[in-house]
Amino acid sequence: MKRIFLGILICTVILSGQAYAALDERCSVESIGISSEYTNRLFVDIVYNFKCSAGASDEGQLTRASIHYGTRDIGNLILKDRYGELTTDTIPSDYEIDKGLSSSELGLVFRKSLEMTSYETNYILNLSFETGAIVSKADDGKLQAQPSDLIGNITGISVRNTIESFDLGIGTISYSMKVPKGTVITNAQPDNCLVSGETVICNGLDENSFSEILIKWKQSEEVTQENSKLTEIADKVSTKVEELAKEATEEETKKQVKGLFEKMKEKLSGLFDWL
C-alpha cells in the first residue's frame, strides 16, 4: 500500500513539474516583422504576434510582457494594438534612459489577456521608434547597419494559480531595410537576404540568423560624379557673382568720383566768376 501511495506521489510531482515546465511552451512570440528606413537616423516599425494555447484544461492567462532591447537610443516611441494607441507601463520618463545603462526595457500590459485554453489566442502589438545606434560607419568609409539589438529578450508574466514569469520563445523573424535614394547596397548578410534597388529583405530568420544581419551601402558613383559637377557649377557661379559685384562696385565708385568732380567744377566756376 505504501508503495502504491509513493508511486502516485512521484507521478503527481513529475506531472505537475512537467505542466509547470511546459508553461513557457504554451505561449510564445510566434512571429516578428521589422521594417526600417534610414535617413539620418533609422526609423523602425516592429510587429509582434504573441500567441498562447494549451491542452484541454485552462492553464491561466498571459497578462503582461517585458521587452529588453540592446540599445538605450530609442526615441519617439509609439505603441498600438488592434484597439488603438497604447501608453507604456514601465519605461523611463520621456523614453530617456539613464546614461549608465546600455539597454532599455519596455513593459507592456496587454489590453486583452491571452488565455491558455484548448484554442489559440493572439495579441498583435505594433511598435515604432527611431534610433541612431543601429547604423555606424564601417572601416572602409561605408555605412553599415547591424540590427541585432532590435531583438532582445522577451519575458512573459502569466496568472495561473500564482503569478509566474518566463522567457517567451521567438518564432520566425522578417526584416527589411531601405537606404537613401542614390546609394548602392554593397553587402547584405546572411546570404538569404535579397537586395532590390535600395531595399534589403530578409525573411524566415530565427534569432541566430537575425543576429548575423549586416548591411553595407555607399553613395553611388553616378551621384558622386553628379555632386562633383554641381559643386563645379556652384563654384563657377559664385566666382561670376563675385566678379559682377566687383564690377558693379567699381562702376558705382566711378560714378561717385565723376559726380564729385562736377560739383567741384561748379564751385570753382562760380568762384572765378566772382573774381
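Participant: I keep staring at the environment of D191 and nothing clicks. Help me out?
Facilitator: Relative to the helices and strands, D191 is located in the loop between β13 (183–189) and β14 (194–196). Looking at D191, the relative accessible area reads 77%, which means it is exposed.

Participant: Explain the sheet that holds strand β1 (residues 27–38) to me, please; I cannot follow it from the model alone.
Facilitator: Strands belonging to one sheet form pairs held by backbone hydrogen bonds; the direction of such a pair is parallel or antiparallel. Spatially, β5-β4-β7-β2-β1-β12-β15-β14 is the arrangement adopted by the eight strands of the open sheet, whose pairing is mixed. Each edge of the open sheet is held by one strand with a lone partner, namely β5 (84–86) and β14. Direction aside, the axes of adjacent strands within the sheet are offset by 20° on average. Looking at chain direction, strand β2 (residues 42–52) and strand β7 (residues 121–131) are connected through eleven bridges and run antiparallel. Residue pairing for β7: L42 is matched across the bridge by T131.

Participant: What am I meant to see in the pairing of β1 here?
Facilitator: Moving residue by residue along a regular strand, the side chains alternate between the two faces of the sheet. Bridge count between β1 and β2: eleven bridges; the pairing is antiparallel. Bridge pairing in β2 links Y38 to L42. What sits between β1 and β2 in their antiparallel hairpin is a turn of three residues. As judged from the nine bridges shared by β1 and strand β12 (residues 169–178), these two strands associate in the parallel manner. Counted as the bridge partner of G33 is S174 from β12.

Participant: Which parts of the structure should I look at to understand the packing of aromatic side chains?
Facilitator: Geometry of an aromatic ring pair is reported as the spacing of the ring centres plus the angle between the planes. Inspection of the entire model under this criterion finds six aromatic pairs. Ring geometry for F110 and Y123: centres 4.7 Å apart, planes at 55°, overall tilted. Of this pair, F110 sits in strand β6 (residues 104–115) while Y123 is found in strand β7, placing the two residues 13 residues apart along the sequence. An identical accessibility class is assigned to F110 and Y123; each is buried. On the basis of an interplanar angle of 80° and a centroid distance of 5.9 Å, the ring pair of Y175 and F210 is categorised as edge-to-face. Taken together, the residues Y175 in strand β12 and F210 in helix α3 (residues 207–211) connect sequence positions 35 residues apart. Note on Y175: relative accessible area 1%, which makes it buried. Three or more aromatic residues joined by ring pairs make a cluster, and in this case those are Y48, F50, F110 and Y123.

Criteria and cut-off values
- Residues numbered from 1 in each chain as written.
- Predicted model: local features only at pLDDT ≥ 70, side-chain atom pairs only at ≥ 80, totals over all residues.
- Heavy atoms only, no water.
- Helix = DSSP H or I, 4+ residues; strand = E, 2+ residues; numbered from the N terminus.
- Buried < 20%, exposed > 50% of the residue type's maximum accessible area, 1.4 Å probe, protein only.
- Pairing = 2+ DSSP bridges.
- Axes fitted to C-alpha atoms, helices over the stretch in contact; angles between N-to-C directions.
- Phe/Tyr/Trp six-rings, centres within 6.5 Å; stacked < 30°, edge-to-face > 60°.

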